[in-house]
Amino acid sequence: MAEVKLEKISKVYEDGFKAVDNVNLIVEDKEFVVLVGPSGCGKSTTLRMIAGLEDISAGKLYIGDTLVNDFPPQQRDIAMVFQNYALYPHMTVHQNMAFGLKLRKMPKDEINARVMKAARIIGLDDLMKKKPGTLSGGQRQRVALGRAIVRNPKVFLFDEPLSNLDAKLRVSMRLEIAKLHKDLEATIIYVTHDQTEAMTMADRIVVMKDGLIQQIDSPISMYNNPVNKFVAGFIGSPQMNFLDGKIEGSDFIGENNVLKIPLPSEYQNQLVDYNGKNIIMGIRPKDIKHVIEGESDIGSFVAFNTSFKGVEPMGNETFLYFSMGDNEWVARVNPDSVVVENDTVYLNSHKLHFFDHETEISL
Amino acid sequence: MKNNGINIALKSIFYLLLVMAALMFIYPFVWMLSASLAPEHELATLTVIPSEITLKNYQVLLDKIPIGRALFNSVIVASSVTLGVLVFGSMIGYALSRLEFKGRDTIFYIILFTMTLPFQITLIPNYILMVKFGWVDTYAALIIPYMINAFAIIMFRQHFKSIPQDLIDAAKIDGCGELRIIFQILWPNSIPALVTIGIITFMASWNEVLWPLIVIRDEQLMTMPQLVTLFAVGGRAESQLGVKLASAVLLALPILVAYMFFQKYFIQSMASSGLKE
Ligand SMILES: Nc1ncnc2c1ncn2[C@@H]1O[C@H](COP(=O)(O)OP(=O)(O)OP(=O)(O)O)[C@@H](O)[C@H]1O
Ligand SMILES: [Mg+2]
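In this report, the structure presented in the accompanying data block is examined. (Residues numbered from 1 in each chain as written. Chains lettered and ligands numbered in written order. Predicted model: local features only at pLDDT ≥ 70, side-chain atom pairs only at ≥ 80, totals over all residues. Heavy atoms only, no water.)

Description of the interface of chain A and chain B
Then comes step 1: At the interface, 24 residues of chain A touch 16 residues of chain B.
Then comes step 2: On the chain A side of the contact with chain B, Tyr88, His90 and Leu103 of chain A bury the most area, a combined 29% of that side's loss.
Then comes step 3: Linking chain A to chain B there are two salt bridges.
Then comes step 4: With its nearest N and O atoms 3.7 Å apart, the salt bridge here joins arginine 151 of chain A to aspartate 174 of chain B.
Then comes step 5: Counting across the chain A and chain B interface gives eight residue pairs in polar contact (both at pLDDT 80 or more).
Then comes step 6: Listed by contribution, the elements that provide at least two residues to the side of chain A that touches chain B are helix H1 (43-51), strand E6 (78-81) and helix H2 (93-103) of chain A.
Then comes step 7: The leading source of residues in the side of chain A that touches chain B is H2 of chain A, at four residues.
Then comes step 8: Looking at the side of chain A that touches chain B residue by residue, the classes come out as 14 nonpolar, five polar and five charged. (Contact = heavy atoms within 4.5 Å. Buried area = accessible area lost by both parts, 1.4 Å probe. Salt bridge = Lys/Arg side-chain N within 4 Å of Asp/Glu carboxyl O. Polar contact = N/O pair within 3.5 Å; in protein donor to acceptor, adjacent residues only side chain to side chain. Helix = DSSP H or I, 4+ residues; strand = E, 2+ residues; numbered from the N terminus. Nonpolar A, V, L, I, M, F, W, Y, C, P; charged D, E, K, R; others polar.)

A closer look at the site of ligand 1
Residue and element names in this part refer to chain A.
Then comes step 1: Taken together, 13 residues surround ligand 1, and among them Ser39, Gly40, Lys43, Ser44 and Thr45 come closest.
Then comes step 2: Contacts to ligand 1 include serine 39, whose side-chain N or O atom sits 2.5 Å from an oxygen atom.
Then comes step 3: The contact in question runs from an oxygen atom of ligand 1 to an N or O atom on the side chain of threonine 45, over 2.5 Å.
Then comes step 4: Relative to its unbound accessible area of 640 Å², ligand 1 is 65% covered by the protein chains.
Then comes step 5: When residues of the shell around ligand 1 are assigned to their parent elements, the largest contribution, three residues, is made by H1.
Then comes step 6: The residue makeup of the shell around ligand 1, split by class, is four nonpolar, six polar and three charged. (Near = heavy atom within 4 Å. Areas by Shrake-Rupley, 256 points an atom, 1.4 Å probe, with all protein chains shown as cover.)

Some thoughts on empty space enclosed by the protein
If a probe as big as a water molecule is rolled over the atoms, it shows which places are left empty.
Then comes step 1: Going through the model one piece at a time under the given rule, you end up with four cavities of 30 Å³ or more.
Then comes step 2: Estimates place the volume of the largest cavity at around 90 Å³.
Then comes step 3: Contributing elements (two or more residues each) for the lining of the largest cavity: helix H3 (67-98), helix H10 (191-207) and helix H11 (210-215) of chain B.
Then comes step 4: Of the residues contributing to the lining of the largest cavity, the split by class is eight nonpolar, three polar and one charged.
Then comes step 5: Here the second largest cavity defines a volume of roughly 60 Å³.
Then comes step 6: In terms of lining residues, the second largest cavity is bounded by Ala79, Met80, Phe82, Ala144, Arg147, Ala148 and Arg151 of chain A together with Ala170, Ile173 and Asp174 of chain B.
Then comes step 7: Among the elements of the structure, E6 and helix H4 (137-150) of chain A together with helix H8 (165-174) of chain B are those that each provide at least two residues to the lining of the second largest cavity.
Then comes step 8: By residue class, the composition of the lining of the second largest cavity is seven nonpolar, no polar and three charged. (1 Å grid on protein atoms, 1.4 Å probe; cavity = no way out; pocket = protein on both sides within 12 Å on 5 of 7 lines; lining within 4 Å. Points joined across faces, edges and corners; volume = space filled by probe spheres on them.)

Take a look at the structure:
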């Protein structure tokens, strides 16, 4: 196992497109780092550069203490799991797992021992003689995992390994990968655009956009302290609600006066420089209530009358959709609430986020 | 009811025509076979069933020309050519579809362009090359110029493009070099393409007459079609039709045998060779 260090890594494709822009990242030994971001932001490109499948246009890549820019994949001692499994169709499960070891000229006995051990870990014992074509998606991805494990590599790379699986299987595989990480004490770099995967598995999350790293942080502190509007909107589900507006004295006034929130003192100090200026306010769906009786600080809630455009009961919670100025907002409320069409919601004024109107940086 | 009757009549006529067409098509082959087994004096009648069956024509043939040797030569040449085309074709096809290098597409278009040149244009320059290399009257002249061909390269390129990049990436991470990727990962997953390209190449090589006529004069090195052609039209059969027909049967036999083994792929390959002609 080893740490992975990306120093000012960039990728410019043949056609001149800059897919990854000056990325700095240190993945600690035994750490589980998740790269997230919208489609096309350069996650796979970053991962493929680490794997050696894509040339690095600029910057330095270290695995352990070794500069590996010019190493082919097999010399980097990494293993990778792909979204489409990428198993060899003409080989049995056993052969698939043993192939990499065979190429490394490992003695037969040891190969068998390793393959059988990995098969036991991920529950493939019964399938060893089957060909991938006869396996289910979940089983195939398990084989791909097994193929990675047997190699005992310094670093595991995952590129959206669970995207092709159904929701239920995804949850169980998620737990399994998390457990593997613990048992193997593996260094893992994991790409996904599913932020639930990111939140639940990561030691640290890296949020990317347009080839640039936006923020690197642990899931919880990223959730609580996003550095900009993009991260705030990306992390958390349903996503954060936003509203353009102005600071006027000690109040936040939403555009077109749709909303007025008297700001608690902690924000007033923070935002003195923005008095009279445009600003973006954000609030998470969970911080909008439908019923506030019994809340400890009833006084900090701001009432807002609206008519709901949609009500989605999820069983353990209910999503309420409504308009706030030009924006669609969502509140995530107690499922027991009785909702009528024209109703009042309450915004927790201690749970606001503010972003600069131009730079969208968190204030 | 009336309509039905007309329908049946029309259908019958239609099928009759089809059967006649089929018979017209197959008759020469059947006649070739039966006549080659018939005594010489019965040939003029164009009958299909000879009064007695004799191998005399074949005996004469074997005495006159080294047909066994020619069969051996043909097998060697066609097999080597096929092997070369499969190996080099897949290597070049892989490079053109998966490796990134400057001028890749230009090279591809040049290769594509060579396909539009008729064989006759390169015949003379190729022959001069063979003379300069000192390859005239050697296997090398029959095999080496045919070991790479544009058609196979393009077929392989297209086929490899359809294989997911992830599979190749996984192989690289497992420690495969490019050659191992081609022959241990891509080949086992391209059997139909290999057989199809193999059959087309083998047939083309097997049936080639013009080129061998130009570069081979030694009877011991002649391929079957060359030898048979020289024999049949070159006067050495002494206008014994039966012997000529026997040589034609022997020429067709290996392809027929191959057809029985690879029937499924044969039809496939004929369908895809429509790309070429
Ligand atoms: N070979 C290539 N040539 C040119 N541009 C490319 C190439 N491969 C990828 N790109 C571009 O680089 C950008 C980043 O691609 P990448 O595959 O890294 O995205 P991603 O973050 O993994 O997205 P997704 O979530 O959809 O997998 C995309 O805009 C893509 O169009
Ligand atoms: Mg991707």
